[in-house]
Amino acid sequence: MIQKTGSGLRGYRQGMEVNGYKIEPGANLENANLKGANLSDANLSDANLDGTNLSGANLLRADLRNANLKDAKLHGANLVRANLEGANLTGANLTGAIMPDGTIHN
């Protein structure tokens, strides 16, 4: 995890790799295995996460705006303060996912 001094911004620098997958806006991570990955503060806006295994992943404050999470496995994932605005969650498994109020605002 990278922290920029004085900016108050924390998170992955663009292009960082996790489990061999490049983490960046618009990334094609279809069917990727990111089970248990620490993706806090990651910018995955507009990413294709169709069928991706994010079970138990830490997505604290992650930017998932307009991401395709169709059929994604998110059970047990930490989605606290994650931005899911405009995200496609059709068929996604959110069983046991951690969300502050149990709702997703689209």
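Read on for an overview of the structure. If you're wondering where the values come from, they're calculated on a predicted model, not measured in any experiment.

Cut-offs applied
Residues numbered from 1 in each chain as written. Predicted model: local features only at pLDDT ≥ 70, side-chain atom pairs only at ≥ 80, totals over all residues. Heavy atoms only, no water. Helix = DSSP H or I, 4+ residues; strand = E, 2+ residues; numbered from the N terminus. Contact = heavy atoms within 4.5 Å. Areas by Shrake-Rupley, 256 points an atom, 1.4 Å probe, with all protein chains shown as cover. Core = buried A, V, L, I, M, F, W, Y, C linked by side-chain atoms within 4.5 Å. Buried < 20%, exposed > 50% of the residue type's maximum accessible area, 1.4 Å probe, protein only. Salt bridge = Lys/Arg side-chain N within 4 Å of Asp/Glu carboxyl O.

What about the overall build of the protein?
Working step 1: Across its full length, the protein holds zero helices and four strands.
Working step 2: The linear arrangement of helices and strands in the protein, starting from the amino end, is β-β-β-β.
Working step 3: Long-range contacts, defined as pairs at least 24 residues apart, comprise 5% of the intrachain contacts of the protein with a sequence gap of at least 6.
Working step 4: In the form shown here, the protein has an accessible surface area of approximately 5,700 Å², with 43% of it arising from carbon and sulfur atoms.

Quick look at the nonpolar core
Working step 1: Among the nonpolar cores identified, the biggest contains 30 residues, and L29, L34, L39, L59, L64, L69 and L74 are the most heavily contacted of them.
Working step 2: Setting aside residues no more than four positions away along its own chain, L59 makes contact with L39, S40, L74, A77, N78, L79, V80 and A82.

Things to note about the pattern of salt bridges
Working step 1: Inspection of every chain in the model, using the stated rule, returns three salt bridges.
Working step 2: Between R61 and D41 there is a salt bridge, with its nearest N and O atoms 2.8 Å apart. Of this pair, R61 sits in the segment after β4 (21-23) while D41 sits in the segment after β4, and the two are 20 residues apart along the sequence.
Working step 3: Exposure remark for R61: the relative accessible area of 22% places this residue in the partly exposed category.
Working step 4: Taking the relative accessible area as the measure of exposure, D41 reaches 15% and is therefore buried.
Working step 5: Close ionic contact of D71 with K70 constitutes a salt bridge, the shortest N to O distance being 3.0 Å.

What to know about unusual backbone geometry
Working step 1: Even without glycine at this site, N19 takes up a positive phi of about 55°.
Working step 2: In this structure, D46 takes a positive phi of about 65° despite not being glycine.

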